[in-house]
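Survey of secondary and tertiary structure
Below are the chains, spelled out letter by letter.
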Amino acid sequence: MKKLHLLIVLSVLLAFAGCGSTDIKNSSKSSIDQKVDSLLSIMTLDEKIGQLTLYTSDMDQTGAFLRPEYLEDIKNGDVGAIFNAYGAEYTRKLQEIAVNETRLGIPLMFGYDVVHGHRTIFPVPLAEASSWDLDMMKQTAEIAAREGAAEGLHWTFAPMVDISKDPRWGRVIEGAGEDHYLGSRIAEVKVQGFQGDDLKDLNTLAATVKHFAGYGAAQAGRDYHSVDMSDRELREVYLPPFKAAIDAGAVSVMTAFNDLNGIPATANSYLFQDILRDEWGFDGFVVTDYTAIMELLFHGVAENEHQASKLALDAGVDMSMQDGYYHQTLADLVEDGRIEESQIDRSAGYVLRVKFQLGLFDDPFRYSSTERQEQEIMTPENIEAARDMAKRSIVLLKNENQLLPISEDIQTIAVIGPMGDNQRDMIGSWSAAGDWTKSVSLLQGLKNQKPDIEFIFVEGTGINDDSRTGFADAVEASQRADLVILALGESYEMSGEAASRTDISLPGAQEDLAREIHATGKPIVAVLMNGRPLTINWLDENIPSILETWFLGTTAGDAIADVLFGNYNPSGKLPMTFPRNVGQIPIHYNMRNTGRPFDPNSKYTTKYLDVENEPLYVFGYGLSYTTFDYSPVSLSSKSMDVSGSIDATVTVTNTGNRAGEEVVQFYLHDKVASVAPRVKQLKGFEKIYLEPGESKDVVFNITNNDLKFYRLDMSYGSEPGEFMIFIGGNSRDTQNAEFELQD
């Protein structure tokens with residue numbers, strides 16, 4: 001360890017001994033700021049720029065490795081963070097270079113896409129959102145953080161909080177769906193789960209909220225495409241989940257790939273300076289997505305790497321991911337007077353502050369413990385939590401004649417389809433360090449649950465090919481069975497980044513396979529595994545029972561079997577609308593009314609000629625093996641002023657013969673406003689558990705905050721007038737009431 005590094009340890013760190021609290025919400029930031037300022041004062045320009053540079057580790061058949069040029073960059077202090085490097089031993093090796101072989105010994109920060117689990121893989125985020133279970137979603141983030149931190153990670157590139165109303169866009173799989181209220185609540189608990197109360201806790205990871213902003217509204221659902229929207233739409237729909245994540249303490253924000261109204265996000269000072277820094281007071285750091293500064297050249301707003309770097313830094317982007325543009329150009333830009341060194345000080349300070357919060361200056365190797373790694377990874381408790389989350393994420397879309405749960409009289413079950421004995425696709429995209437060979441397929445889960453039942457598996461066809469050579473065997477197996485489970489869906493590669501689809505029906509010959517099996521007359525359950533809403537009109541019209549299971553992670557097969565055999569009563573609700581066809585897209589429940597509302601008896605009203613306006617399955621929809629009755633809504637008052645509140649109460653009764661959970665959803669509609677109001681907006685929900693015959697009063701407290709919107713002059717507030725309340729088990733089937741907001 002070099003002499004100057006010892007001086008740093010003594011003069012910078014020991015001088016502030018006793019100021020080590022890194023409580024994210026309550027710590028005195030001044031103590032950390034003083035440490036940062038002291039460190040910046042002795043750093044060279046190149047060393048500061050190094051803190052703004054992020055490079056990737058790589059993987060080959062022999063394991064993880066770092067490119068030789070990046071190793072030299074670490075030794076020279078020219079890189080401040082590495083991503084895709086994990087494993088206690090490997091991260092310690094890289095950290096030793098940074099700490100022991102550089103002039104200042106500033107530790108590296110290791111980042112990774114821990115999106116829905118690290119080693120133990122939980123359901124994909126869209127699936128978790130289907131649970132509407134905030135406590136469980138927080139728990140899965142806590143476990144993911146604990147596993148990731150045990151393997152040397154400090155920082156995750158999650159949560160993704162992009163709202164999207166377009167299922168063609170592949171990255172809907174990574175978010176919470178179409179609604180900004182639900183998305184905001186999930187963003188909040190995910191940040192809390194990853195970061196905990198103190199980033200210095202060894203079980204936490206620094207969270208990155210992404211992608212700022214508007215990325216989910218890519219034109220035509222095509223990834224990376226342009227986004228053009230009003231400031232009202234941006235602020236009402238797309239920004240609230242980011243604000244919720246920042247308020248929850250997120251210390252990092254990632255730029256979006258898209259341009260917003262012609263300005264690429266990575267060069268957009270309106271987003272990163274005006275909104276993020278000035279309006280919201282964010283004091284963490286901003287990192288680009290992969291090579292996003294370089295891509296400013298392809299956007300056509302920069303003619304070379306120097307101009308691209310200047311645009312990004314001026315916009316408030318602190319760290320460059322992978323393209324190396326900051327590393328290559330910022331010193332030149334300072335020397336030429338095109339940027340100020342104070343700008344680099346500011347950005348480097350944001351990065352260093354997070355490193356102090358993580359405790360890396362106290363002990364750079366504190367996350368790299370092989371003993372802890374062995375203790376934390378894929379523990380029985382983690383696996384059980386994954387199974388619990390997975391079964392809560394399943395949505396029952398249809399169940400005619402109570403075909404589900406499967407009767408105990410069933411002796412032979414045919415499992416037909418390409419997803420039936422499929423392990424690889426169960427963990428979905430962005431599955432981090434997950435090992436798909438350890439995942440449980442549907443067939444294995446069924447056998448684990450019911451070893452005495454005979455299961456006959458025939459693939460029938462591939463996921464995305466037109467082969468029908470297996471149809472005859474599939475039909476023969478179905479004819480021998482008492483019940484058929486059709487296992488259909490997408491491969492994991494068909495959703496996620498760069499995985500947009502114009503046709504979101506079942507790929508390949510899968511629907512044709514379903515038609516052949518349907519012709520046998522056997523009772524059929526369709527189990528869907530996919531990363532987006534699909535157009536499944538034929539299945540809905542012909543198959544008696546349909547389960548949407550998404551990609552459920554390591555324990556997928558066991559969780560699906562839990563639901564199929566009735567060990568768990570499905571309680572999931574859709575976080576995203578299922579269209580009837582792609583012509584309805586974008587489709588969402590909270591649209592605005594038109595001046596010519598739908599009237600089936602009048603031609604000149606808003607409608608299609610070839611399909612009804614209503615989607616196949618509405619937002620918030622999901623069935624149970626029991627039934628729930630909602631009483632009329634009772635209001636504590638018929639009016640309120642801006643300082644008051646009203647309680648809206650509904651009594652929910654389990655009218656079936658099974659215990660079950662219900663997500664009680666609360667929506668509002670402003671009847672007349674200065675800006676055309678949305679037909680309804682989610683304002684609250686509560687997930688309740690009821691025994692057969694049990695009733696519970698569910699109360700939603702309405703305050704003026706629930707009534708605010710961006711008014712005609714773009715001020716944020718409410719307007720007096722009449723409001724409608726909707727409470728029910730989905731966005732369509734509700735009990736209604738009205739009240740008035742008075743001047």
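The notes below deal with the structure included here. Because the structure is a prediction, the values reported are computed rather than measured. Position labels on residues start from 1 in each chain and follow its written sequence. Whole-chain, interface and lining totals are the exception, using all residues; otherwise, since this is a predicted model, local features are given only for residues with pLDDT of at least 70 and side-chain atom pairs are given and counted only at 80 or more. No hydrogens and no water enter the side-chain calculation; it runs on all heavy atoms of the structure.

Now for the overall build of the protein chain. A run of H or I in DSSP becomes a helix once it reaches four residues, and a run of E becomes a strand once it reaches two; helices and strands are each numbered from the N terminus. A count of helical and extended segments in the protein chain gives 22 helices and 29 strands. Since a compact globule built from 743 residues should have a radius of gyration of about 27 Å, the 27 Å found for the protein chain is in line with a globular shape. Each principal axis of the C-alpha atoms in the protein chain carries an extent, and together these give about 80 × 65 × 50 Å. Scored against the burial criterion, the 743 residues of the protein chain give a buried share of 62%. It only takes one pair of heavy atoms within 4.5 Å for two residues to be counted as in contact. Within the protein chain, contacts between residues at least 6 apart in sequence are counted, and of these 78% link residues at least 24 apart. Residue exposure ignores everything except the shown protein chains as possible cover, and the areas themselves are Shrake-Rupley values with a 1.4 Å probe. Split by element, the accessible area of the protein chain, about 27,000 Å² in all, is 45% carbon and sulfur. All radius of gyration figures rest on C-alpha atoms, and the globule criterion is 2.2 Å times the number of residues raised to 0.38. For the exposure calls, accessible area comes from a 1.4 Å probe over protein chains only, and a residue counts as buried if that area is under 20% of its type's maximum, exposed if over 50%, partly exposed in between.

Right, let's get into the pattern of salt bridges. As a working rule, side chains carrying opposite charge can pair if their charged atoms are close by. We count a salt bridge whenever a side-chain nitrogen from Lys or Arg sits within 4 Å of a carboxyl oxygen from Asp or Glu. Enumeration according to the criterion identifies 42 salt bridges in this entry. Of the charged contacts in the structure, one is a salt bridge between Arg 392 and Asp 133, with a shortest N-O distance of 3.4 Å. Residue Arg 392 is found in helix α17 (residues 380-392), and its partner Asp 133 is found in the loop between α6 (125-131) and α7 (134-150); the two are separated by 259 residues along the sequence. For the pair formed by Arg 392 and Asp 133, the shared burial category is buried. Residues Glu 376 and Arg 146 are paired through a salt bridge, measuring 3.3 Å at the closest nitrogen-oxygen approach.

To continue, consider unusual backbone geometry. Cis geometry is adopted by the peptide bond preceding Pro 159, which originates at Ala 158 and carries an omega value of 10 degrees. With respect to the helices, strands and loops of the structure, Pro 159 is situated in the loop between β6 (155-156) and α8 (180-195). Of the consecutive residues Phe 212 and Ala 213, the connecting peptide bond is found in the cis state with omega at 0 degrees. Take Ala 213: it is sitting in the loop between β7 (208-212) and α9 (231-238). Its identity as a non-glycine residue notwithstanding, Trp 132 has a phi of 50 degrees, on the positive side. Its location among the elements puts Trp 132 in the loop between α6 and α7. Despite not being glycine, Asn 401 shows a phi value in the positive range, around 55 degrees.

The subject of this paragraph is empty space enclosed by the protein. A 1.4 Å probe that fits but cannot get out identifies a cavity on a 1 Å grid over protein atoms alone, an open set with protein on both sides within 12 Å along at least five of seven lines counts as a pocket, and a residue lines either if it has an atom within 4 Å of a point. Grid points are joined across faces, edges and corners, and a volume is the space filled by probe spheres set on the points. In total, this model carries 3 cavities of 30 Å³ or more according to the counting rule given. In this structure, the largest cavity occupies an estimated 170 Å³ of space. Around the largest cavity, the lining comprises 18 residues; the ones closest to its centre are Pro 125, Pro 159, Met 160, Glu 174 and Ile 186. For the lining of the largest cavity, the secondary-structure elements that each account for two or more residues are α6 and α8. By residue number, the principal contributor to the lining of the largest cavity is α8, which donates 4 residues. Each residue gets one of three labels, nonpolar for Ala, Val, Leu, Ile, Met, Phe, Trp, Tyr, Cys and Pro, charged for Asp, Glu, Lys and Arg, and polar for the others, Gly among them. Across the lining of the largest cavity, the residue classes break down as 13 nonpolar, 2 polar and 3 charged.

Further remarks concern the sheet that holds β6. One open sheet accounts for 5 strands, arranged β6-β5-β4-β1-β12; its pairing is parallel. In the strand order of this sheet, the two ends are held by β6 and β12 (320-321), each with one partner. The pairing criterion for strands is at least two bridges between them, as found by DSSP. Sheet topology note: the strand β1 (residues 53-56)/β12 ladder contains 2 bridges and is parallel. Directly across from Thr 53, in β12, lies its bridge partner Ser 320.

The next subject is α9. Count 3.6 residues to each turn of an α-helix, and residues three or four apart come out pointing the same way. Most of α9 is tucked away: 7 of the 8 residues are buried. Listed in full, the buried residues belonging to α9 are Arg 232, Glu 233, Leu 234, Arg 235, Glu 236, Val 237 and Tyr 238. Next to the buried residues of α9 lie α8, α10 (240-247), β9 (259-260), α11 (269-279) and β26 (709-710).

Moving on, we get to the sheet that holds strand β16 (residues 483-489). Picture the strands of a sheet paired through backbone hydrogen bonds; they go either parallel or antiparallel. Reading across the sheet, the 6 strands line up as β13-β18-β17-β16-β14-β15 and stay open at both edges, with mixed pairing between neighbours. In this open sheet, the two edge strands, each paired with only one partner strand, are β13 (395-399) and β15 (454-458). Taken pair by pair, the neighbouring strands of this sheet meet at an average axis angle of 15 degrees, ignoring direction. Where strand β14 (residues 412-416) meets β16, 4 bridges bridge the pair, whose relative direction is parallel. When the bridges of β16 are listed, Ile 416 appears paired with Leu 486. For helices, the axis comes from a line fit to the C-alpha atoms of the stretch in contact; other axes are also lines fit to C-alpha atoms, and the angle between any two N-to-C directions lies between 0 and 180 degrees.

Inside soluble globular proteins, nonpolar side chains tend to come together where they are buried. Grouped together as the largest cluster of nonpolar side chains are 185 residues, with contacts concentrated most on Trp 155, Phe 212, Ile 413, Ile 416, Leu 539 and Leu 564. When residues in this core are grouped by element, the largest group, 7 residues, is from helix α15 (residues 341-357). Only buried residues count toward a nonpolar core, which is a set of Ala, Val, Leu, Ile, Met, Phe, Trp, Tyr and Cys residues joined through side-chain atoms within 4.5 Å. One finds Val 650, Phe 723, Ile 725 and Phe 739 within the second-largest nonpolar core, a separate group that totals 24 residues.

Working definition: rings of Phe, Tyr and Trp (its six-membered ring) pair if their centres are within 6.5 Å, and the pair is stacked with planes under 30 degrees apart, edge-to-face with planes over 60 apart, and tilted otherwise. Applying the stated criterion across every chain yields a total of 24 aromatic pairs. Between Phe 356 and Phe 361, the aromatic rings sit 4.0 Å apart at their centres with planes inclined by 20 degrees, giving stacked as the arrangement. In terms of burial, Phe 356 and Phe 361 fall into one category: buried. Taken together, Trp 132, Tyr 181, Tyr 589, Phe 619, Tyr 667 and Phe 685 form an aromatic cluster joined through their ring pairs. Geometry around Tyr 492 places Arg 424 over its ring, the cationic atom sitting 3.5 Å from the centre. Sitting over the face of the ring of Phe 726, Lys 680 holds its NZ or CZ atom 4.5 Å from the ring centroid. Only when the NZ atom of a Lys or the CZ atom of an Arg is both within 6 Å of the ring centre and within 35 degrees of the ring normal do we say a charge sits over the ring.

Glancing now at the packing of α9 against α11. In a packed pair of helices, the relevant descriptors are the angle between the two axes and the axis-to-axis distance. Packing of α9 against α11 leaves a shortest axis separation of 14 Å and a crossing angle of 50 degrees. In terms of orientation, α9 lies oblique with respect to α11. Crossing angle aside, the handedness with which α9 passes α11 is right-handed. Between α9 and α11, the residues in contact are Asp 231, Leu 234 and Arg 235 and Tyr 270, Leu 271, Ile 275 and Glu 279, respectively. By residue class, the composition of the contact of α9 with α11 is 4 nonpolar, no polar and 3 charged. Any angle that falls under 35 degrees is termed roughly parallel, while one over 145 is termed roughly antiparallel, one within 65 to 115 roughly perpendicular, and all others oblique. By convention, the crossing between two helices is left-handed when the near helix turns anticlockwise from the far helix through less than a right angle, and right-handed when the turn is clockwise.

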